[in-house]
Amino acid sequence: MDTQPITADKAHAAHREEAVYVYEAPVRLWHWVNAFAILSLCITGYLIGSPLPAVGGEASNSFLFGWIRYIHFASGYILLVGFLLRVYWAFVGNGHARQVFAPPVWKATFWHELLHEVKWYAMLVKEPMKYSGHNPLATLVMHVMFVWGIVFMIVTGLALYGEGTGMGSWQHTLFSSWVIPLFGQSQDVHTWHHLGMWLIICFAIIHFYAAVREDIMSRQSIISSMFSGWRTFRDGRAPEDGHG
Amino acid sequence: MTETFYEVMRRQGITRRSFLKYCSLTAAALGLGPDFAPQIAHAMETKPRIPVLWLHGLECTCCSESFIRSAHPLAKDVVLSMISLDYDDTIMAAAGQQAEAIVHEIVENYKGNYLLAVEGNPPLDEDGMYCIIGGKPFVEQLRYAATHAKGIISWGSCASWGCVQAARPNPTRATPVHKVPGLANKPIIKVPGCPPIAEVMTAVITYILTFDKFPELDRQGRPKMFYSQRIHDKCYRRPHFDAGQFVESFDDEGARKGYCLYKVGCKGPTTYNACSTVRWNGGLSFPIQAGHPCIGCSEDGFWDKGGFYDRLTDVHGFGVEANADEIGAKAATVVGAAAAAHAAVSAVKRARQKGGDV
């Protein structure tokens, strides 16, 4: 253990790798299916709003825009089904599976620790607290930007889809019939659906950056955990959220 | 008792044969089965003509212009003689005191038995002084005429949504009929469009008179039979949309070949109306067929949804005027730049830590 050379500072000192199982298989599977669905939805969604240059030839020879829309709708359904299963898993899975759905905003310690995390990002404190799950800042951002962002996109998306399937379809009855008057008219729902996409994209940028940064600089593993499910720690001290 | 529709038609020289034909045509136009033709005939033979007050607020008369051009001559004649159009200041013979007296007469004599058709809407600012009818604010005439009406027909986008006079910043506070404060609580049917399609207008009236009730309405109060589908859903250019063949500008090859007008701002995909099925001027054409994108004139607030030729709507606020994708791309760039800057600072910090300079 003491053979660790050269960089003998705290972060790099030899330590035992404690590990705890955090992300169960359904959560990991959902995470990656969801990620690819979002990627596909963003690309096709953008192309629906700003189509590619016109293709020539007979209309019967081509179905380009039809395919773009089809992929968008199919990915949307995959995302929807995944999200529903994910919500189900929040009830039956382990404690970590519930975390992003119910941030404990009523607890003073949550806000206190969130402030510490903000300070860590502002580089005002030397080390972050240690969590086996998400830190409070991550929990809040995921809850607000991701969970509600996805709910918003599912609701507006189904409302727009219901316009095509028409009156009498479940999409129209459950969504279009009230969402479209709520926003004013169909065009407004389109506009908000676009803005929602950019919210998700902004979330994704923050998510990638924070995951990479924390993986390098914080006291626990991040990226590999979403593949293996195991959270490993770089020091032997107990995590703040006591899940360890 | 006033005459029945049938009596009026016979008096005008319409044969029973053409009358029955009209009934079948009307049943078909309303999307009803063949069984309904005799019902329509029976109703027209037995029901008295219903008085209609057709009021005009802030408007341009395009609804009236459309209405009098209802394409099937028989339908037009019948509708104009069918209803007892007692007051319509644009096309009535009487004027001044005489004309205004009719409103009073109808309201008093046919309590609960007349239809109130409203073209245009009242401005509410300055106590309604921006629209004066017969020396009084229009909003007062509207409230008075609505008191004992059987129901209210909101003709066109003005009465239904507000239209151009209610476009931002709506200087006179023009207000659609269903939002007028203090208006008697009556059933309201909206027939939006700028103007609505003539045949849609006549069909709505025919339905109300025949069945003595409003046709089935959607959640926003529009008759489902004409406003349940988007123009896009029945557009004859839809195959070009699915193929990805778009008009890029109005003088290009695609425009000449009749490609889809989606990229030059066609609002067909977001507009509920019957233009692509009923069409205009006797089924001759409609805007998209003439090579122009739909401007969405039957939709709520269509004047405020950015340029008619833009696919994406401009969003207003915080002094910004940009469409959702421009705003989003800027936000994503800012977030990305912030992440990059933060990463750089983090890297420097980490490098210094590694160097022992904590």
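Because the structure is predicted, anything quoted here is derived from the model rather than measured.

Notes on the overall build of chain A
On a plain count of helices and strands, chain A comes out with 8 helices and 2 strands. For chain A, the N- to C-terminal ordering of α and β elements is β-α-α-α-α-α-α-α-α-β. Each principal axis of the C-alpha atoms in chain A carries an extent, and together these give about 75 × 45 × 35 Å. Going through the 244 residues of chain A one by one, you find that 29% of them count as buried.

Points about the overall build of chain B
For chain B, the count of helices and strands is 14 helices and 9 strands. When the backbone C-alpha atoms are referred to their principal axes, chain B occupies close to 105 × 50 × 35 Å. Within chain B, contacts between residues separated by at least 24 positions form 70% of all contacts whose residues are at least 6 apart in sequence.

Quick notes on helix H2 (residues 16–29) of chain B
All names here are of chain B. If you check H2, its first and last C-alpha atoms are 20 Å apart, about what 14 residues at 1.5 Å a residue would give, namely 20 Å. Residues Tyr-22, Cys-23, Thr-26 and Ala-27 constitute the buried set of H2. All buried residues of H2 fall inside an arc of 135° around its axis, so they share one side.

Focus: the interface of chain A and chain B
The interface of chain A with chain B comprises 38 residues on the first partner and 48 residues on the second. Every element with two or more residues in the side of chain A that touches chain B is listed here: helix H2 (64–92), helix H6 (170–183) and helix H7 (186–217) of chain A. The biggest single contributor to the side of chain A that touches chain B is H7(A), with 15 residues. Residues belonging to the side of chain A that touches chain B are distributed by class as follows: 21 nonpolar, 14 polar and 3 charged.

A word on the domain arrangement of chain B
Residues and elements named next belong to chain B. What the domain assignment lists for chain B is domain 1 (5–227), domain 2 (231–297) and domain 3 (320–354). In this structure, domain 1 and domain 2 have C-alpha centres spaced 29 Å apart. Of the residues lining the interface, 9 residues belong to domain 1; the matching set on domain 2 comes to 10 residues. Mapped by element, the contributors of at least two residues to the side of domain 1 that touches domain 2 are helix H9 (198–211) and helix H10 (224–227). Of the residues assigned to the side of domain 1 that touches domain 2, the class counts are 6 nonpolar, 2 polar and 1 charged.

Brief notes about the sheet that holds strand E1 (residues 51–56) of chain B
Strand pairing within a sheet occurs via backbone hydrogen bonds; the two strands may be parallel or antiparallel. Residues and elements named next belong to chain B. Within the open sheet, the 5 strands sit side by side as E2-E1-E3-E6-E7. Their pairing is parallel. Looking at strand neighbours, the two that pair on one side only are strand E2 (84–88) and strand E7 (188–191), the edges of this open sheet. Across the sheet, the mean angle separating the axes of adjacent strands is 20° when strand polarity is ignored. Across 4 bridges, the pairing between E1 and E2 is parallel. Across the sheet, the residue bridging to Val-52 is Leu-85, located in E2. On top of the sheet, helix H6 (residues 96–109) reaches E1 and E2; it is set at about 130° to E2, its chief contact. Here H9 sits on the sheet and contacts strand E3 (115–119), strand E6 (151–155) and E7; the angle it forms with E7, its principal contact strand, is near 155°.

Digging into the confidence of the model for chain B
Atom-level detail of predicted coordinates should not be read off regions where pLDDT is low. Residues and elements named next belong to chain B. Looking at chain B, the pLDDT average stands at 87 and 93% of residues meet or exceed 70. For chain B, the element scoring lowest by mean pLDDT is helix H5 (residues 73–82), at 59; E7 scores highest, at 96. For this predicted complex, the interface confidence reaches an ipTM of 0.84, while the overall pTM sits at 0.85.

A word on the packing of H2(B) against helix H3 (residues 36–46) of chain B
Residue and element names in this part refer to chain B. For the pair H2 and H3, the least separation of the axes is 8 Å and the interaxial angle reads 125°. The orientation of H2 with respect to H3, classified from their angle, is oblique. For H2 against H3, the interelement crossing comes out right-handed. Residues Leu-20, Cys-23, Ser-24, Thr-26 and Ala-27 of H2 form the contact with H3, whose participating residues are Phe-36, Ala-37, Ile-40, Ala-41 and Met-44. Across the contact of H2 with H3, the residue classes tally to 8 nonpolar, 2 polar and no charged.

A short note on the environment of B:Asp35
Its location among the elements puts B:Asp35 in the loop between H2 and H3. On a C-alpha basis, the gap between B:Asp35 and B:Gln141 in space is 41 Å, while along the polypeptide they are 106 residues apart.

Description of the nonpolar core
With 77 residues, the main nonpolar core has B:Leu53, B:Leu115, B:Leu116, B:Ala117, B:Val118, B:Ile153 and B:Val204 as its most contacted residues. By residue number, the principal contributor to this core is H9(B), which donates 9 residues. Shared between two domains, this core holds at least three residues of each, these being domain 1 (5–227) and domain 2 (231–297) of chain B. Ignoring sequence-local partners within four residues, the contact set of B:Leu115 consists of B:Ile50, B:Val52, B:Ala149, B:Lys150, B:Gly151, B:Ile153 and B:Ile208. Grouped together as the second largest cluster of nonpolar side chains are 12 residues, A:Leu79, A:Ile150, A:Cys202 and A:Ile205 included.

Some remarks on the pairing of E7(B)
Residue and element names in this part refer to chain B. With burial as the criterion, each face of E7 is covered, one bearing Ile-188 and Lys-190 and the other bearing Ile-189 and Val-191. Where E6 meets E7, 4 bridges bridge the pair, whose relative direction is parallel. The residue of E7 that forms the bridge with Ile-153 is Ile-189.

A look at the packing of H6(A) against H7(A)
Residues and elements named next belong to chain A. Running from amino to carboxyl end, H6 crosses H7 at an angle of 85°, the nearest separation of the two axes being 7 Å. As far as their axial angle goes, H7 and H6 are roughly perpendicular. Taken together, the residues of H7 that come into contact with H6 (itself represented by Val-179, Ile-180 and Phe-183) are Ser-186, Asp-188, Val-189 and Trp-192. Classifying every residue of the contact of H6 with H7 gives 5 nonpolar, 1 polar and 1 charged.

As for the confidence of the model for chain A
Of the residues in chain A, 92% reach a pLDDT of 70 or more, and the chain-wide mean stands at 89. Across residues 1–8 of chain A the pLDDT falls below 50, and counting only partners more than four positions away or on other chains, this stretch makes 7 contacts in the model.

Re the environment of A:Arg234
Residue and element names in this part refer to chain A. Counting through the fold element by element, Arg-234 comes out in the segment after strand E2 (230–233). Overall, Arg-234 belongs to the partly exposed group, with 18 C-beta atoms counted inside 10 Å. Separated by 215 residues in sequence, Arg-234 and Ala-19 have C-alpha atoms that sit 9.5 Å apart.

Remarks on the environment of B:Val118
Residue and element names in this part refer to chain B. Here Val-118 lies in strand E3. Take Val-118: there are 30 C-beta atoms within 10 Å of it, and that puts it in the buried class. For the pair Val-118 and Gly-57, spaced 61 residues apart in sequence, the C-alpha to C-alpha distance is 7.6 Å. Excluding anything up to four places from it in sequence, Val-118 contacts Leu-55, Gly-57, Leu-142, Ile-152, Ile-153, Ser-154, Trp-155, Ala-159 and Val-177.

Definitions and cut-offs
Residues numbered from 1 in each chain as written. Chains lettered and ligands numbered in written order. Predicted model: local features only at pLDDT ≥ 70, side-chain atom pairs only at ≥ 80, totals over all residues. Helix = DSSP H or I, 4+ residues; strand = E, 2+ residues; numbered from the N terminus. Buried ≥ 20, exposed ≤ 12 C-beta atoms within 10 Å, placed from the backbone. Contact = placed C-beta atoms within 7 Å. Expected span 1.5 Å × (residues − 1). Arc of directions from axis to C-beta. Nonpolar A, V, L, I, M, F, W, Y, C, P; charged D, E, K, R; others polar. Domains from an automatic or database assignment. Pairing = 2+ DSSP bridges. Axes fitted to C-alpha atoms, helices over the stretch in contact; angles between N-to-C directions. pLDDT = per-residue confidence, 0-100. Parallel < 35°, antiparallel > 145°, perpendicular 65-115°, else oblique. Left-handed = near helix turned anticlockwise from the far one by under 90°. Core = buried A, V, L, I, M, F, W, Y, C linked by C-beta atoms within 7 Å.

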